[in-house]
Amino acid sequence: MIVDLRSDTVTRPTAGMKEAMMNAPVGDDVFGEDESVNALEEKAAALFGMEAGIFCPSGTMTNQIAIKCFTRPMDEVIADETAHVYRYEGGGIAFNSAASVRLLYGDRGRLNPELIEPAINPDNIHHPRTSLVVLENTVNRGGGSCYTVGQIEPVYHLCRLKKLKLHLDGARVFNALVETGDDPKNYGRMFDGISVCLSKGLGAPVGSVLLGSLETIYQARRIRKVLGGGMRQAGFLAAAGIYALDHHVQRLKEDHQHARAIGIALAELPFVIRVLPVDTNIIIFELDPKHQADEFVLRLKHAGILCNTFGEQMIRFVTHLDVTGEMVDYTIGALRKMR
Ligand SMILES: *Cc1c(COP(=O)(O)O)cnc(C)c1O
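Each value, and the rule that gives it
Residues numbered from 1 in each chain as written. Predicted model: local features only at pLDDT ≥ 70, side-chain atom pairs only at ≥ 80, totals over all residues. Heavy atoms only, no water. UniProt positions renumbered as here; feature names shortened; annotations may be inferred. Near = heavy atom within 4 Å. Polar contact = N/O pair within 3.5 Å; in protein donor to acceptor, adjacent residues only side chain to side chain. Areas by Shrake-Rupley, 256 points an atom, 1.4 Å probe, with all protein chains shown as cover. 1 Å grid on protein atoms, 1.4 Å probe; cavity = no way out; pocket = protein on both sides within 12 Å on 5 of 7 lines; lining within 4 Å. Sits in = over half its atoms within 2 Å of the grid points. Helix = DSSP H or I, 4+ residues; strand = E, 2+ residues; numbered from the N terminus. Salt bridge = Lys/Arg side-chain N within 4 Å of Asp/Glu carboxyl O. Contact = heavy atoms within 4.5 Å. Domains from an automatic or database assignment. Buried area = accessible area lost by both parts, 1.4 Å probe. Nonpolar A, V, L, I, M, F, W, Y, C, P; charged D, E, K, R; others polar. Points joined across faces, edges and corners; volume = space filled by probe spheres on them. Axes fitted to C-alpha atoms, helices over the stretch in contact; angles between N-to-C directions. Left-handed = near helix turned anticlockwise from the far one by under 90°.

- Looking at an unreviewed UniProt entry, the protein chain carries the name Threonine aldolase, with the source organism given as Hufsiella ginkgonis.
- Under the Cofactor (unreviewed entry) heading, UniProt states for the protein chain: "pyridoxal 5'-phosphate".

Right under this line is the structure:
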């Protein structure tokens, strides 16, 4: 058996999703004529109570477009030091937006007004102009930690007061929503931009949607074109996204249950010294100093379990659509045999 816990990006389209893709009505989306892309953008926007959406090839692109929309060159962006937009988007904030980043040390990647407020620069020509706060939900490097609407609300109020834009890197926003039970419309009310990834736990092969006001998304269409992200008959991919929103959201709870079961088993192993709280579908754990993460990952690979290191002593597992209950049991059994 092969259990691929490297990332929730490794999912493959299900039979139902493939059928939806093959039957999708398509057109030239650069002309705005792809019915499936339009339907996906409208559906995602309506779900979050936002005015408009734009389908993009990746979550990186939706984040980078949003940052470009919400900043001017020489501005500063506030984000947690673990933020995907800072760590894993290749320096894109500097390259695409000519903006600097003020990094904060949040609670497993989660920020609050007490952290953010002192980092907002006063209006003074010496300082870059603070114009944007980026939150991530769930937080990847925080081990899938998530914000509730109640925790986002005070950040939103601070941003309004200080006239800052607020963007959500919601690559795993549905993991947060099914876990907290929060209404996505509350997100639409608070954020100026939301990136929603369809190709992570939702199981679509490609694509993310950026949501925002009509004005923001109009600007986003220009930027997407400049970045080379204007796609033609993209409806085949958008149809997979629509299918994912219809069929794969509620089942994310199953991934969370699977992750918790693995987390509990890991905590009982003598060579595991720490398991971060398992809030959603990500499990991060630390090995004792007698073990090296890269060597441990290799040994797991021999047992058919694929995963990634997350530091010298740390390993990350991610559960997803293609990880069955049987695979979870197998993984727990294999872990218990490790020394
Ligand atoms: C995966 C991910 C993204 C987007 O990644 P792409 O591979 O570009 O789609 C953005 N933010 C977070 C937190 C992610 O985990």
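1. Some thoughts on the site of the ligand
Logical step 1: All residues in the neighbourhood of the ligand are listed as Ser 58, Gly 59, Thr 60, Asn 63, His 84, Glu 89, Glu 136, Asp 169, Ala 171, Arg 172 and Lys 200.
Logical step 2: Within the side chain of His 84, one N or O atom sits 3.4 Å away from a nitrogen atom of the ligand.
Logical step 3: A distance of 2.8 Å is found between an oxygen atom of the ligand and a side-chain nitrogen or oxygen belonging to Lys 200.
Logical step 4: In the complex, the protein chains occlude 83% of the 380 Å² of accessible area that the ligand would expose alone.
Logical step 5: The pocket occupied by the ligand, as judged from atoms lying within 2 Å of grid points, is the second largest pocket.
Logical step 6: Top contributing element to the shell around the ligand by residue count: helix α3 (residues 59-70), with 3 residues.

2. Some remarks on the pattern of salt bridges
Logical step 1: Throughout the structure, instances matching the rule amount to 19 salt bridges.
Logical step 2: Note that Asp 75 is salt-bridged to Arg 129, the shortest N-O span being 3.0 Å. With a gap of 54 residues between them, Asp 75 in strand β3 (residues 75-80) and Arg 129 in strand β5 (residues 129-136) connect regions that are remote in the sequence.

3. Here we look at the side chain of Thr 82
Logical step 1: In this structure, Thr 82 sits in the loop between β3 and α4 (84-87).
Logical step 2: Side chain to side chain, Thr 82 and Asp 80 meet in a polar contact 2.6 Å long.
Logical step 3: In this structure, Thr 82 is in contact with Arg 87, Gly 109, Glu 136, Val 139 and Arg 141, ignoring residues within four places of it in sequence.

4. A word on the domain arrangement of the protein chain
Logical step 1: What the domain assignment reports for the protein chain is domain 1 (12-247) and domain 2 (251-337).
Logical step 2: If you average the C-alpha positions of domain 1 and of domain 2, the two centres end up 28 Å apart.
Logical step 3: Counting residues at the interface gives 21 residues for domain 1 and 16 residues for domain 2.
Logical step 4: In total, domain 1 and domain 2 occlude about 1,600 Å² of area from one another, counting both sides; carbon and sulfur atoms represent 52% of this.
Logical step 5: Linking domain 1 to domain 2 there are 2 salt bridges.
Logical step 6: In this structure, Glu 179 engages Arg 260 in a salt bridge whose closest nitrogen and oxygen atoms are separated by 2.6 Å.
Logical step 7: Examining the composition of the side of domain 1 that touches domain 2, we find that 4 residues originate from one element, helix α8 (residues 173-180), more than from any other.
Logical step 8: Of the residues in the side of domain 1 that touches domain 2, the class split is 4 nonpolar, 11 polar and 6 charged.

5. Details of the UniProt feature "domain: Aromatic amino acid beta-eliminating lyase/threonine aldolase" (unreviewed entry) in the protein chain
Logical step 1: UniProt records the feature "domain: Aromatic amino acid beta-eliminating lyase/threonine aldolase" (unreviewed entry) at residues 4-286, using the numbering of this structure.
Logical step 2: Structurally, residues 4-286 comprises 42% helix and 18% strand, and the distance from its first C-alpha atom to its last is 19 Å.

6. Side note on the layout of surface pockets
Logical step 1: For the largest pocket, the calculated volume is near 550 Å³.
Logical step 2: Around the largest pocket sit 24 residues that line it, and Phe 70, Arg 129, Thr 130, Ser 131 and Lys 163 are the ones nearest its centre.
Logical step 3: Among the elements of the structure, α3, β5 and α10 (214-226) are those that each provide at least two residues to the lining of the largest pocket.
Logical step 4: Here the second largest pocket defines a volume of roughly 320 Å³.
Logical step 5: Lining the second largest pocket are 25 residues, with Gly 59, Thr 60, His 84, Ala 171 and Lys 200 positioned closest to its centre.
Logical step 6: Going through the elements one at a time, α3, β6 (165-170) and β7 (193-197) are the ones with two or more residues in the lining of the second largest pocket.
Logical step 7: It is α3 that contributes the most residues to the lining of the second largest pocket, 4 residues altogether.

7. Comments concerning the packing of helix α2 (residues 35-48) against helix α11 (residues 235-247)
Logical step 1: It is at 8 Å that the axes of α2 and α11 come closest, and there the two elements cross at 30°. In the crossing of α2 with α11, the sense of the turn from one axis to the other is left-handed. Listed contacts from α11 to Ser 36, Val 37, Ala 39, Leu 40, Lys 43, Ala 44 and Leu 47 of α2 are Gly 235, Ala 238, Ala 239, Gly 241, Ile 242, Leu 245 and Asp 246.
Logical step 2: When its residues are assigned to classes, the contact of α2 with α11 shows 9 nonpolar, 3 polar and 2 charged.

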